[in-house]
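Residue-level structure breakdown
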Amino acid sequence: MSNPTVWWLLVGITVAIELATGTFYLLMIGIGLAAAAVAAHLGVPMTGQLVTAAVVGGGAVVMWHWQGSKKPKSLPANANPDVHIDIGEQVMVTKWHADGTTSVTYRGAHWTAVLAEKTDVPTTGQYRIKEMSGNRLLIEPA
């Protein structure tokens, strides 16, 4: 079997494994293997093919990882408005209990709410839902 054929088979195997596992980094390795196959078609010796696979595949992995690290990290699910549509909505606090909780009506139901960040004296008024913790709302001043 010729060198280009071996490289293309390795590309196919890598892509198949990637499809089974969902590891996008394997596609970057596959790019390196494809570059080695092209180098083999161009008549580059085996050492050059190996270096091409390593440099292109490794470089693609590093670039993909670097691009991913530049993205802002997503919020945890209990504070993510993409998961809970209630995050960011406002509620009216009319009275605080001695234990630091309050009862608010939101979307037609009664909820127990607590301050997201402890303050000395909580006040009444408008608050914004910052996070959901089980069946409790963590709220902050609006």
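The structure contained in this document is the topic of the report that follows.

Reading the values: the criteria
- Residues numbered from 1 in each chain as written.
- Predicted model: local features only at pLDDT ≥ 70, side-chain atom pairs only at ≥ 80, totals over all residues.
- Heavy atoms only, no water.
- Core = buried A, V, L, I, M, F, W, Y, C linked by side-chain atoms within 4.5 Å.
- Buried < 20%, exposed > 50% of the residue type's maximum accessible area, 1.4 Å probe, protein only.
- Helix = DSSP H or I, 4+ residues; strand = E, 2+ residues; numbered from the N terminus.
- Contact = heavy atoms within 4.5 Å.
- Phe/Tyr/Trp six-rings, centres within 6.5 Å; stacked < 30°, edge-to-face > 60°.
- Lys NZ or Arg CZ within 6 Å of the ring centre and 35° of its normal.
- Salt bridge = Lys/Arg side-chain N within 4 Å of Asp/Glu carboxyl O.

Concerning the nonpolar core
Counting residues in each nonpolar core, the largest one holds 14 residues, and the members touching the most others are Val91, Val104, Tyr127, Ile129, Leu137 and Ile139. Listing elements by their share of this core, those giving two or more residues are β1 (90-93), β2 (101-106), β3 (109-115), β4 (125-133) and β5 (136-141). Leaving out residues up to four positions away in the same chain, Val104 has contacts with Val91, Met92, Val93, Ala109, His110, Trp111, Ala113 and Leu137.

Re the packing of aromatic side chains
This structure, assessed with the given rule, holds two aromatic pairs. Aromatic side chains Phe24 and Trp64 sit 4.4 Å apart centroid to centroid with 35 degrees between the ring planes, which places their arrangement in the tilted category. In this pair, Phe24 sits in helix α2 (residues 24-41) while Trp64 sits in helix α3 (residues 46-70), placing the two residues 40 residues apart along the sequence. Ring plane angle 75 degrees and centroid distance 5.8 Å describe the contact between Trp96 and Tyr127, whose orientation is recorded as edge-to-face. With a gap of 31 residues between them, Trp96 in the loop between β1 and β2 and Tyr127 in strand β4 connect regions that are remote in the sequence. Residue Trp96 is classed as buried on the basis of its relative accessible area of 14%. In this arrangement the basic side chain of Lys70 is found over the ring face of Trp66, its NZ or CZ atom lying 4.4 Å from the centre.

Some remarks on the pattern of salt bridges
Using the criterion set out here, one finds three salt bridges in the structure. The partner of Asp86 in a salt bridge is Arg107, with the nearest N and O atoms 3.2 Å apart. In this pair, Asp86 is assigned in the loop between α3 and β1 and Arg107 in the loop between β2 and β3, connecting sequence segments 21 residues apart. Here Arg128 ties to Glu140 by a salt bridge, and the two come within 2.2 Å at their closest N and O atoms. Of the two residues, Arg128 is situated in strand β4 and Glu140 in strand β5; the sequence distance between them amounts to twelve residues. Arg128 gets classed as partly exposed once you look at its relative accessible area, which sits at 27%.

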